[in-house]
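# Report on the structure
Take a look at the letters that make up each chain.
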Amino acid sequence: MFIKTTLGVGLTVLCLAINAQSSFTKLGKQGYENVVVRISDDVPSTNCVQIIDRIQVMMQDASNAMCKALDNRAYLGNVTIMVPLHWTADGNCVVDSSITWPRIHKADFIVGQDHPVYGSRPFSLQYGGCGVSSLAVHLPLNFLNEVSAKGVAIAHEWFHYRYGAYDEVGINGDSLYPNGYQITQTVASILPTSCTNVPLKGEWLGNEWQNSYDNNNVTSSIMFSTELPNINRLCTKDDHLKAPPTKQNWLCGGRSVSEIVYSHYDFINHTQPTTCNQTRFSVATVTHRGYHIVLDVSSGMAVNNLMEDAKFAVSHFIWFLPDGLTVSVDTFSDSYSQVQTPIVLNMTNKNLLLAHLDDIQVTSGSTAALGLALDNAVRMSRHQGMEIIIVTSAQQVPSNFSVYVEEFRRNLIAPHILALSVQTSKLFSALARDGWLYSIPTWTKPSMVPGTKYWNPQTWMIDIMQSVYSRTRSYRAKIEERTVLLSEWTNGTFQLDSPATNLMFSFYPLGGGFSMNFQTGSLVSPLNEECTILHINENLYPADCEITTFESGTWSYFIKVKGSSTVRMDVWFEANSISPIKVESWTNSFQNQPINWANERVIVYALVTEQHRAVSGLSPVVHLIGDNATDAIISVTLNENNPSDVIKGDGIYSAQLINLPRYSTHFSYVLEILGGTGTVDTGIFDGHPSAGSLIPSSQPTPRSTSFNRYVYGGSFQLTQPYDGRDVLPPGRITNLAILNFNSNNATVELKWTGPKDDYDASSSYYIKWFTITGEEGGTPGVEISYFNGTIQPLPGSLDKMTYTVDVPKSNKSQNVYYRVYGLDTVGNKGQASNIATVYVPATIFPIDPEDVTQLPPALFWFLIGLACVCLLLLVAIAIAFVRRLLDARKRKAMAADWVQIGETTLDLRPPNGKEATRKSEPEVPDFHANSTPSPRRLSDDFSTRWSDNSYSAGSDIYQQPERIFTTARIETPAYSGVHERPPIRPGLPTYSFGDNRASNASPPMSVTPSPKKIPPPPPQRKFFPYPPDKSNSENRTKKTLRFGDNDETPLASSPSYLASQLTKDNLSYRGDGQMPKSYSEQTLTSASNSSLSKFGIILGADSEASLV
């Protein structure tokens, strides 16, 4: 035996968690509980306190960002920081030793050195479809040490990791998710690929979009950018943009990130927080101390010699465990027994323990004591920090089995269950929800031919238990398995592709027995160092090497036996460095739940890396074996370009299993890479690895050596056996685009590449039947079918398709979103294609006469008559309204009490203390004759105010009171051609109203009622130019109006008339400052307040002069 590893050595763990479903994280009232941040072994303990502090600050910021984006519905409630074991030697790095549940393979976040390709940016690799969790989030140390805020960036990765949401940003040059796009229209501009709550501001610098500094009002989406200052929200259904070619739109059918997040099982029928509290932190270390093995010895284990196979597999597993680990063994049937209490392994007690295992015998009892065994398993996990391995073929479980299921979940136990029958797999699937369920094929391949592949229950259990070690402890890679016929001297070679710290070489007989007698054997290194092959017990022959470092290269083995026997030869190696090529594999089975093949495909994934760099150019093969012996073994090749893997160049290979065995429901598989070389990208990728469709290789470097890998541990279940029906739809169309938009005839021409059948796995059948749908912007979520039928490819092509469809009619501008679905010959419908968007300007489309419903003639003429009556009624109402308005305006116009001309107010009241005597006046038109006082104006000061020209109550006689016109000084109007108004001079003439000389007030004017009654309203006055001939009878009562300081100062007929004269355009001062001597005409025009106010003149009257 050659393994010298102690407990503190050989803890190089997997660089990537296999999938998020194995996490212990769950959402409750206190936020997300049991979140694990693991610090990698390659991080030194120097400044460990500062590193832990920075992690706490960083994760608190991430929690706050998550809380804001998810509207207080989720945050990081409890976070455990798991430090490397060697940190505990530093007295400054204090850990809580009572915390035993965290596991290295259960980490949600991994803190380590900068990635050799992706640098210091945080990242998570997304491989699956919409809603599928990514691999664990990587947080490089340099990212941790940056000063800028980290919360939004980590929340961005959490949405990848937990909810399977995608980025909403484009990549320059990406074939599927470019950084710019156009919506087809007459004048199309290039828009940045994004999803924001308001339009993004910025400009194109060449092919790169440069955000403006003025984007402070952009708050969404976190999946678009983590660099804008106020980004803190997700795009919702209301503000989500379907047109941009984002990864989120393409792979999630145009649904927003918030829709994907809230459809996650965390938010369905689960209690959620209503407020976000501070995150609680604890610090622990790797508490894995060993393995507690629970072995079923009930009567079911006697079938097909399963008991012996199980004991040998357990002995093989224990023998190759490193010294220093703790191991315990329990058995159960109708009674419970502790075969081995916990012991720390060393060379001495290993042999004793294997001897105890040989003594175990199968019983005839049932599995009634399973509950006691599970109780002790819980204690071993909680108090000893041990992994639980259960090997069983139980056909029934205790009636209170659900209690143990909850106990395992409550104590965060992820068991490894090797189920040796179909019924066992069904019974234990609930217990393995947070762990792993391995369905072991219990039938044996009939023929065992040296040099060919051969599996039986014993080989499966041995290899799966080794995969448990690799998954939970350190990377242990199997590089060789052979079926060899040993006879006399047998020799051979195998290749070790990387230096190793441990090498495990062994062989054991196949077929339940052997007829050989082992003599001697050795293993020789490339440096001619020799290792001795030991005979441990009847069946196990390992090599024991006293070598510190196992060199890479060709190793040789030499074995001498008497007789002959067909044996299985296995070689594993371990390495504490990161140099080996690592291969992990998993399926899309969620939480070990069965897959319904009728509506869900089965996908196998594999990740291949070397020093954290993706290895491309390989051809991994999956050998699939079902539980029914009549089913043939199916082999499927994985590739990098399979559509089930959403990113190319990330080192992830995949295959969709389209031809499953017909009679099995439980399957196990082994992934095999033989003679692989591949290429490794030694360059740097300056971008986010999950944003685009491809991680380009800047410096692809071919590997110099070939390698082999055998990866066990993959398993899945079906709800029912596959019956051979064609239920697999065509592949998804991913390049739908607008070829032409004709706005004149409202049509759009689409183009796309037709998929192949069976998720694109068919080698020759191209799809020719398609359904084309459109979704209008005004009715989101409603798809209208525009075509459903056969489309022939373009001439000279097998898959290039074009088709012209109508654009929906609308009288408003809108986006129309087109999708295409492929259908195979039996009607299986593929996933919706990406969205192609066309912008349709607002257009009034002509009405199709056939679409117009014909009304009955009687109803038609009735509606016409009704419309005419309504029209006449509206006209009558309008006329009445206008007349009422005009009447009101006239009443208002006649309510003047005073007149202001220029800067002088004309007070129309008589002088205080005396009665002015009436003198004879020249005749003026008397249209107010025979007027009587208005009752509502009969007051003490009635005679001192202007009439409001209203009608008296109960009388149609118009009222005109007596008035006295006082003097007023007249100045140039404001609009005069004189730019500056001259100062008021003493010599400026003062004009009087009436026939008095200047500066004398006019006497009261007596109006004698006339017997003639004039009905209201009064006739509009008309004034004509005074002709030279005063004998004209029509105008003989009119006087020539003159202004001046001579003795013939004329009568100014009224303030309104005087105002109209003053506002004439030809009014100006003479050179000597005097007013003009005369006017050539004295037409009295109507004036309104609005027209005179701009000249500084305010009249009480509106459109009619009220004074004569």
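So, a few notes on the structure that sits alongside this text.

Next up on the list: the overall build of the protein. In terms of regular secondary structure, the protein is built from 14 helices and 45 strands. Taken over 1108 residues, the protein has a buried fraction of 53%. Restricting to contacts in the protein with at least 6 residues of sequence separation, those with at least 24 account for 73%. Looking at the protein as shown, the accessible area adds up to about 48000 Å², and 52% of this sits on carbon and sulfur atoms.

On to the pairing of strand 21 (residues 530–533). The two faces of strand 21 differ: Cys531 and Ile533 on one face are buried, but Glu530 and Thr532 on the other face are not. The pairing of strand 20 (residues 517–524) with strand 21 spans 3 bridges and is antiparallel. Along strand 21, the bridge assignment pairs Leu523 with Cys531. The hairpin turn running from strand 20 into strand 21, its antiparallel successor, is 5 residues long, and Asn528 in that turn takes a positive phi close to 65 degrees. In terms of strand pairing, strand 21 meets strand 22 (residues 541–544) through 2 bridges, oriented antiparallel. Looking at strand 22, one finds that Ile533 is bridged to Ala543.

Inspection of the secondary structure puts Val680 in strand 31 (residues 679–681). Measuring from C-alpha to C-alpha, the distance between Val680 and Gln699 comes to 8.0 Å, with 19 residues separating the pair along the chain. The residues contacting Val680, other than those within four sequence positions of it, are Glu610, Arg613, Ala614, Val615, Gln699, Pro700, Thr701 and Arg703.

With that settled, consider the pattern of salt bridges. Enumeration according to the criterion identifies 25 salt bridges in this entry. The salt bridge involving Asp214 is made with Lys201; its shortest N-O contact spans 3.0 Å. With Asp214 in the loop between strand 10 (208–211) and helix 4 (247–251) and Lys201 in the loop between strand 8 (191–192) and strand 9 (202–205), this residue pair connects regions lying 13 residues apart in the sequence. Judged by relative accessible area, Lys201 falls into the partly exposed class, the value being 36%. Across the salt bridge formed by Arg819 and Glu783, the nearest N and O atoms sit 3.7 Å from each other.

Turning our attention to the packing of aromatic side chains. Taken as a whole and judged by the stated rule, the model has 32 aromatic pairs. Judged by centre distance (5.2 Å) and plane angle (80 degrees), the rings of Tyr262 and Phe267 are edge-to-face. Considering the side-chain rings of Tyr786 and Tyr818, the 5.9 Å spacing of their centres and the 55 degrees angle between planes classify their relative orientation as tilted. Placement of Tyr786 in strand 37 (residues 783–790) and of Tyr818 in strand 39 (residues 814–823) is noted, with a sequence separation of 32 residues between them. Tyr786 gets classed as partly exposed once you look at its relative accessible area, which sits at 25%.

Next up on the list: unusual backbone geometry. The omega torsion of the bond from Ser220 to Ser221 falls at 10 degrees, within 30 degrees of zero and hence cis. Its location among the elements puts Ser221 in the loop between strand 10 and helix 4. Unusually for a residue other than glycine, Asn305 sits at a positive phi of about 60 degrees. When you line up the elements, Asn305 lands in the loop between strand 12 (290–296) and helix 6 (306–319).

Glancing now at the sheet that holds strand 37. Consider a sheet: its strands pair through backbone hydrogen bonds, and that pairing is either parallel or antiparallel. The strand order 37-36-39-40 describes an open sheet built from 4 strands, whose pairing is antiparallel. The sheet is open, and its two edges are formed by strand 37 and strand 40 (836–840), each paired on a single side. The sheet shows a mean angle of 25 degrees between the axes of neighbouring strands, direction not considered. The pairing of strand 39 with strand 40 spans 5 bridges and is classified as antiparallel.

Let us look at the sheet that holds strand 12. Reading across from one edge, 14-13-12-15-16-17 is the order of the 6 strands in this open sheet, with mixed pairing throughout. Looking at which strands have only one partner, the edges of the open sheet turn out to be strand 14 (336–344) and strand 17 (436–439). Ignoring which end each strand starts from, the neighbouring axes of this sheet average 15 degrees apart. By the bridge criterion, 7 bridges tie strand 12 to strand 13 (residues 326–332) in an arrangement that is parallel. Of the residues in strand 13, the one forming a bridge with Tyr291 is Val327. Strands in contact with helix 7 (residues 347–359) are strand 13 and strand 14; relative to strand 14, the strand with the most contacts, it is inclined by about 170 degrees. Those strands touched by helix 8 (residues 370–384) are strand 12, strand 13, strand 14 and strand 15 (386–392), and its axis lies near 160 degrees from that of strand 15.

Between helix 1 (residues 48–69) and helix 3 (residues 151–163), whose axes approach to 7 Å, the crossing angle comes to 65 degrees. For the element pair helix 1 / helix 3, the angle class is roughly perpendicular. Considering how the two elements wind past one another, helix 1 and helix 3 form a crossing that is right-handed. Within the contact between the two elements, helix 1 uses Met58, Met59, Asp61, Ala62, Ala65, Met66 and Ala69 and helix 3 uses Gly151, Val152, Ile154, Ala155, Trp158 and Phe159. Each residue belonging to the contact of helix 1 with helix 3 can be placed in one class, and the counts come to 11 nonpolar, 1 polar and 1 charged.

Here the focus is the nonpolar core. Formed by 64 residues in total, the largest nonpolar core has its most connected members in Phe317, Ile318, Ile389 and Leu418. Examining the composition of this core, we find that 9 residues originate from one element, helix 6, more than from any other. Other than its neighbours up to four places away in sequence, Phe317 contacts Tyr291, Ile293, Ile389, Met465, Gln466 and Tyr469. In this structure, Leu503, Phe507, Val561 and Val711 belong to the second largest nonpolar core, which totals 61 residues.

This paragraph deals with helix 6. In this model helix 6 runs 20 Å from its N-terminal to its C-terminal C-alpha over 14 residues, within 8% of the 20 Å that 1.5 Å per residue would give. Of all 14 residues that make up helix 6, 13 are buried, and the element is covered over most of its length.

On inspection of all chains with the given rule, the structure shows 5 disulfides. Sulfur-sulfur distance for the disulfide between Cys67 and Cys276 comes to 2.0 Å. A torsion of 100 degrees about the S-S bond marks the disulfide between Cys67 and Cys276 as right-handed. Taken together, the residues Cys67 in helix 1 and Cys276 in the loop between helix 5 (257–262) and strand 11 (280–285) connect sequence positions 209 residues apart. The exposure class assigned to Cys276 is partly exposed, which follows from its relative accessible area of 26%. Across a sulfur-sulfur distance of 2.0 Å, Cys130 and Cys252 are joined as a disulfide pair. In this structure, the disulfide formed by Cys130 and Cys252 twists by about 105 degrees around the S-S bond and is classed as right-handed. In this pair, Cys130 is assigned in the loop between strand 5 (109–112) and strand 6 (137–140) and Cys252 in the loop between helix 4 and helix 5, connecting sequence segments 122 residues apart. Cys870 forms no disulfide, and the closest cysteine sulfur to it belongs to Cys868, at a distance of 9.2 Å. Cys870 gets classed as partly exposed once you look at its relative accessible area, which sits at 41%.

A few words on the environment of Ser98. Along the chain, Ser98 falls in the loop between strand 4 (78–83) and strand 5. Ser98 gets classed as exposed once you look at its relative accessible area, which sits at 56%. Sequence-wise, Ser98 and His383 are 285 residues apart; in three dimensions their C-alpha atoms are separated by 8.5 Å. Side-chain polar atoms of Ser98 contact the side chain of Asp96, separated by 2.6 Å.

Below, the discussion takes up a nonpolar patch on the surface. A cluster of nonpolar residues, Leu859, Phe862, Leu863 and Leu866, forms a patch on the protein surface that exposes about 360 Å² of accessible area. With respect to the element layout, Leu859 can be found in helix 12 (residues 857–893).

The subject of this paragraph is the packing of helix 6 against helix 11 (residues 457–472). The contact between helix 6 and helix 11 brings their axes to 9 Å, and the two run at 30 degrees. Our pair here, helix 6 against helix 11, has a crossing hand that is right-handed. On the side of helix 6, the interface is formed by Leu306, Asp309, Ala310, Phe312, Ala313, Val314, His316 and Phe317, while helix 11 contributes Pro457, Gln458, Met461, Ile462, Met465, Gln466 and Tyr469. Residue classes in the contact of helix 6 with helix 11 are distributed as 11 nonpolar, 3 polar and 1 charged.

Sheet topology note: the strand 18 (residues 476–496)/strand 23 (residues 553–574) ladder contains 19 bridges and is antiparallel. Among the inter-strand pairings, Ser487 is bridged to a residue of strand 23, identified as Ser564. Relative to strand 23, strand 19 (residues 502–509) runs antiparallel, the two being bridged by 8 bridges. Following the sheet pairing, Pro509 is matched in strand 23 by Val567. Sheet analysis places strand 20 next to strand 23, joined by 7 bridges and oriented antiparallel. From the neighbouring strand, Val524 faces strand 23, where its bridge partner is Ser556.

Here Gln717 shows up in strand 33 (residues 707–717). Looking at Gln717, its side chain comes within polar contact range of the side chain of His666, at 3.0 Å. Setting aside residues no more than four positions away along its own chain, Gln717 makes contact with Ser425, Ser429, Leu437, Asn592, Pro594, Ile595, Thr665 and His666.

Reading the values: the criteria
- Residues numbered from 1 in each chain as written.
- Predicted model: local features only at pLDDT ≥ 70, side-chain atom pairs only at ≥ 80, totals over all residues.
- Heavy atoms only, no water.
- Helix = DSSP H or I, 4+ residues; strand = E, 2+ residues; numbered from the N terminus.
- Buried < 20%, exposed > 50% of the residue type's maximum accessible area, 1.4 Å probe, protein only.
- Contact = heavy atoms within 4.5 Å.
- Areas by Shrake-Rupley, 256 points an atom, 1.4 Å probe, with all protein chains shown as cover.
- Pairing = 2+ DSSP bridges.
- Salt bridge = Lys/Arg side-chain N within 4 Å of Asp/Glu carboxyl O.
- Phe/Tyr/Trp six-rings, centres within 6.5 Å; stacked < 30°, edge-to-face > 60°.
- Axes fitted to C-alpha atoms, helices over the stretch in contact; angles between N-to-C directions.
- Parallel < 35°, antiparallel > 145°, perpendicular 65-115°, else oblique.
- Left-handed = near helix turned anticlockwise from the far one by under 90°.
- Nonpolar A, V, L, I, M, F, W, Y, C, P; charged D, E, K, R; others polar.
- Core = buried A, V, L, I, M, F, W, Y, C linked by side-chain atoms within 4.5 Å.
- Expected span 1.5 Å × (residues − 1).
- Disulfide = S-S within 2.5 Å.
- Polar contact = N/O pair within 3.5 Å; in protein donor to acceptor, adjacent residues only side chain to side chain.
- Patch = residues over 30% accessible without salt bridge, like charges linked within 9 Å, V, L, I, M, F, W, Y side chains within 5 Å.

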